[in-house]
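One letter stands for each residue in the lines below.
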Amino acid sequence: MNILILSSSFPTHENDVLSAKFIKDQIENFKSFDDNVVFHVLVANRSKHSFENNSKHFQLHKFRYFFSGLEVIGNEDIKAQLKNNKAIYLLIPFYFISQFVSTLNFVNRFNINKIHVHFFIPQAYVALKMKKYFKIPFNITIHSGEIVFFVKRFKVLGKIIARKIIFNAERIWVTSENTKNTLLSIFSQEEIDELDIIVSPMGLNTDHLDNVKESDVLGFKSTQNILYVGRFVEKKGVINLIKAFAKIHNEIPEYKLIMAGDGHLKENINSLVKDFNLKEKVIILDKVNEKEKKYLFNISEILVVPSASQKGDIEGMPVVILEGLYYKKLVLTTKDTFCDHVIKNNKNGFIIGNNDSVNLAEKLLEIINIDNNLKLEVMKNAKNSSLDYGSEVSFKKYKAFLD
C-alpha cells in the first residue's frame, strides 16, 4: 500500500523539529509496527531548510514553486506568515499550482492508494482533485483553526469549497474537541455528527524519546529551571511569559527561564529581556534538535505552554505538552491549548484560565512552592497519563484512521 502525505510543513533535517515533527513521528510509529505500507511525503522547498536523504520510514520529495530565496512558505506557521507579511499572499497561487502539478505527476508515477492531508490550505483542495481525477481516497488531519481561517478569507466561496472537501474525505482527524468545534463554521451540529471524526492529539514517538541520547547545549545540570519550547509567535503567549517571569524572578533566585525556538517575535523577546535586566536569568536559544531538547527537559522542573489564541488563529493541542508529561515535568498551560482531555488540573499538570502575565506569575510561584510529595505525585501521574499517547497506541489509532 502506498500512501501520499501532503503537508505545508514537515521536518526536512534533524534540527528542523518545529516543522510539524509530529507527522514524522506518526509515520515512524506506524512503520515500527507495520512495514507493509510505503509512505511518500511531498513538501515544498523552503529557503530556511535543507533536505536530507530519505528516511528508512518514508520517501521525502520536494517541489519548487518560486525563486529559491523567496520560497518561505512553511518556514513558520502560514497563518502567522500571512498576518505579518501580506506579500506572502502573492506566493500562494504559485505554491498551489506547483503543489497541484507535482501531485498530479506524482500519482501518475506511483501507485498511490490513499492521500493523507495535513493542514487544510491548500493541499486539501489538491487531494479533492486527485479523488476526482484518479479515484484516490483521502483523509484529512485538521490541527487547529485552519477551516475558520480559510472561510474568513474566502467568505461564501470558501465555505462551499470547505464543505465539499470535508464531505469527500473518508475520515477526519482533529487534535482536540475545540478543533472539532471549528467545523461549526461550515456545518450544522447534525452534519458534524454524521462525519467520521477521530478526536485525539497526534501522539508521541516514545520509542525514539527513550533511545535518543541527550546533548548538552548549556553546560550546567541544575534542574531548577522553567522551560519553554516552541515557536516565538503571538498565539504561543511568549511575551507574557517573559513579563510573568520578570514579576517573580527575585522571589525564585535559583530558577532560570529557558526559551528555545524561533519566530518573528524573537527580537521582541530579546528586547524585553534587556529591558527587564534579565540577561543573567533568561536563556534564549535557537531551535533545538531532539538530543538537545531531551537535555533541556532533563534540566528543567517546569514546562510552560502559555498559549493565547488569537483572532482566527487558535491552538490545536501542542504536542510539547505530551512530551512534558512523558518526561515527568510539572506542566503549566493555559485553557487556550484545549488540553482538557489530556491535562487533569492539579492531578497530572496545571491549567490556568488565560495567558495574563499576573496569572502566569502567580501560578508559577504556586507550583514552585507546593509540597514536594505533591510534586512527585503530579510527576508520576504525568508520566502515566502520557502512555495513552505512546508509540504503540499511536500506531493503532493511525492504522484505524488509514484503514
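Bear in mind the structure is a predicted one, so any value in this text is a computation, not a measurement. (Residues numbered from 1 in each chain as written. Predicted model: local features only at pLDDT ≥ 70, side-chain atom pairs only at ≥ 80, totals over all residues. Heavy atoms only, no water.)

Can you break down the sheet that holds strand β11 (residues 302–305) residue by residue, with the values?
With parallel pairing, the 6 strands of this open sheet are ordered in space as β10-β9-β8-β11-β12-β13. Looking along the sheet, the strands with just one partner apiece sit at the ends: β10 (282–285) and β13 (350–352). Looking at each pair of strands side by side, their axes are set apart by 20° on average, direction ignored. Across 4 bridges, β11 lies against strand β12 (residues 330–334) in parallel orientation. Of the residues in β12, the one forming a bridge with valine 304 is leucine 332. Against the sheet, helix α9 (residues 238–248) makes contact with β8 (225–229), β9 (256–260), β10 and β11, and its axis sits at roughly 165° relative to β9, the strand it touches most. The sheet contacts of helix α11 (residues 290–298) involve β8, β9, β10 and β11, and relative to β8 the element is tilted by about 150°. (Pairing = 2+ DSSP bridges. Helix = DSSP H or I, 4+ residues; strand = E, 2+ residues; numbered from the N terminus. Axes fitted to C-alpha atoms, helices over the stretch in contact; angles between N-to-C directions. Contact = heavy atoms within 4.5 Å.)

So what's going on with the packing of helix α3 (residues 92–109) against helix α4 (residues 123–134)? Which residues, and what values?
Put simply, α3 and α4 touch, their axes get as near as 10 Å, and they point 35° apart. When you trace α3 past α4, the crossing you get is right-handed. In contact with Tyr95, Phe96, Gln99, Phe100, Thr103, Leu104, Val107 and Asn108 of α3, α4 contributes Gln123, Tyr125, Val126, Lys129, Met130, Tyr133 and Phe134. When its residues are assigned to classes, the contact of α3 with α4 shows 10 nonpolar, 4 polar and 1 charged. (Left-handed = near helix turned anticlockwise from the far one by under 90°. Nonpolar A, V, L, I, M, F, W, Y, C, P; charged D, E, K, R; others polar.)

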